[in-house]
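Residue-level structural notes
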Amino acid sequence: MNTTPMQSNMSDPLPAIVNPHLILPIPDGILPGKTEDIVLGIVCLLLAIAISASNLLLLTVLWRLRKRRLSTHLLVQSLAVLDLMVGVFVLPSMLTPLLTHRKVQFSETFCAISGVLTSVTVTGSVLMVMCLALDRWIAVRYPVRYPRISSRPRVLLMVSFVWVEAILFSVIPLIPPLGGYRYKETMCTCLKVVGDDKSSVFSVTSYTLCAALPLCVVMVAGVAIVVVLRRRPKLSSQLHRTREACITTLLIVAAYLACVLPYSFAFAATNKAEGLPPTATGSSLGSTTGSIPGSTAGSTPSETYTDHKWIIYGLIVTYCNSLFNPVIYVTRSGRMRKELGQVVHTVAELISSKMSKSH
């Protein structure tokens, strides 16, 4: 099957982020119909708007509550920033391929930036959820010592470590021997390329440290919180706020697992069918080995859109987690609901005053 690049019409108005020399003939069976792409594009657009708005409101509420100086708010703020990046950077990068029926490829520079941002949000999210689960377990397991164990400087150090690890494992793949990031039409996103032994070792290492291990810690910590709450009903009733905070964290953990695991299973199953390593949710939302379908290196003949449609569906479900987090936090906290109401009231007054002045 011929997949060599064709020269495009240079007069066509293409975005600057698109390389006009990389418009490719897409093999039959690789991509869906235009209607499905339009539907996916609309879903991504609405999801991006909802994620951006909800997390901006959550960050505004947390800023208004800054006088309380709760160490847990640092973790929630960092998670909200990561979720906001999904709505502002990650999801919009999927719109151009969907709206053009995936007939264009991003330039290498833009793909590198998009891949790094996607990797930072995914890696940072799982690490931040792990920190939240551990923080709540310490609060309910050692309620007396918790203020000293989880002091603000220590939590700030933990947050800094999460950001450093997320950025480090996202930028390292840009080193030439490790393969970098490549665009994949069937997923409308840029994935880390696994080619030689060095990149394979790094892929396994990053998957272990940035996905498998944190996910195990999240699940173990969630179970531990439930066990402690059940064994200490008297203590839990006395520390009602701690109990409610633990329940909120359990909902965050459950929402994260419910959103991430479908994509992980779909990616692992597809790679297994193609004989590739099942590295599912590593530091760059999975990886791809060798050539990329529709790229200049050619396509795998057995690779069809049917094999990958569940991956992109799972990918969108994964990004839905960035919408669930602020909703859970605001609906579970009476103080946050009160502050949110004041924020919405202030914004409504500003809009009404602007409209009245314009008339």
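Data block above holds the structure.
Read on for an overview of the structure. Source: prediction; values computed, not measured.

1. Description of the overall build of the protein chain
Each helix and strand counted, the protein chain has ten helices and three strands in total. Traced from its N-terminal end to its C-terminal end, the protein chain shows the element sequence α-α-α-α-α-β-β-α-α-α-β-α-α. By residue count, 48% of the 359 residues in the protein chain fall in the buried class. Surface accessibility of the protein chain: about 17,400 Å² in total, with carbon and sulfur atoms responsible for 67%.

2. Quick look at the nonpolar core
L58, L91, M94, Y319 and Y329 are the most contacted members of the largest nonpolar core, which has 66 residues in total. In terms of residues, this core owes the most to one element, helix α2 (residues 71-99), which gives 13 residues. Ranked by size, the runner-up nonpolar core spans five residues in total, among them V140, V228, L229 and C246.

3. Some remarks on α2
Between its first and last C-alpha atoms α2 spans 43 Å; for 29 residues at 1.5 Å apiece the expected length is 42 Å, and the two agree. Most of α2 is tucked away, with 22 of its 29 residues classed as buried.

4. Observations regarding the state of the cysteines
On inspection of all chains with the given rule, the structure shows one disulfide. The disulfide bridge from C111 ends at C190, spanning 2.1 Å between sulfur atoms. Linking C111 and C190, the disulfide has an S-S dihedral of approximately -130° and is accordingly described as left-handed. Of this pair, C111 sits in helix α3 (residues 108-141) while C190 is found in strand β2 (residues 189-194), placing the two residues 79 residues apart along the sequence. Taken individually, C111 and C190 each receive the classification buried, so the pair is uniform in this respect.

5. Describing the packing of aromatic side chains
Applying the stated criterion across every chain, the model contains two aromatic pairs. Here W137 and Y142 contribute two aromatic rings whose centre-to-centre distance is 5.9 Å and whose plane-to-plane angle is 90°, an arrangement assigned as edge-to-face. Ring plane angle 20° and centroid distance 6.0 Å describe the contact between F169 and F202, whose orientation is recorded as stacked. On the criterion of sequence distance, the pair formed by F169 in helix α5 (residues 152-171) and F202 in helix α6 (residues 197-231) is long-range, its members being 33 residues apart. We classify F202 as buried; its relative accessible area is 11%. The ring of Y142 has R145 lying over it, and the distance from NZ or CZ to the ring centre is 5.2 Å.

6. Digging into the environment of V76
Topologically, V76 is positioned in helix α2. For the pair V76 and V129, spaced 53 residues apart in sequence, the C-alpha separation works out to 9.1 Å. Excluding anything up to four places from it in sequence, V76 contacts L58, L62, L132 and Y329.

Cut-off values and rules
- Residues numbered from 1 in each chain as written.
- Predicted model: local features only at pLDDT ≥ 70, side-chain atom pairs only at ≥ 80, totals over all residues.
- Heavy atoms only, no water.
- Helix = DSSP H or I, 4+ residues; strand = E, 2+ residues; numbered from the N terminus.
- Buried < 20%, exposed > 50% of the residue type's maximum accessible area, 1.4 Å probe, protein only.
- Areas by Shrake-Rupley, 256 points an atom, 1.4 Å probe, with all protein chains shown as cover.
- Core = buried A, V, L, I, M, F, W, Y, C linked by side-chain atoms within 4.5 Å.
- Expected span 1.5 Å × (residues − 1).
- Disulfide = S-S within 2.5 Å.
- Phe/Tyr/Trp six-rings, centres within 6.5 Å; stacked < 30°, edge-to-face > 60°.
- Lys NZ or Arg CZ within 6 Å of the ring centre and 35° of its normal.
- Contact = heavy atoms within 4.5 Å.

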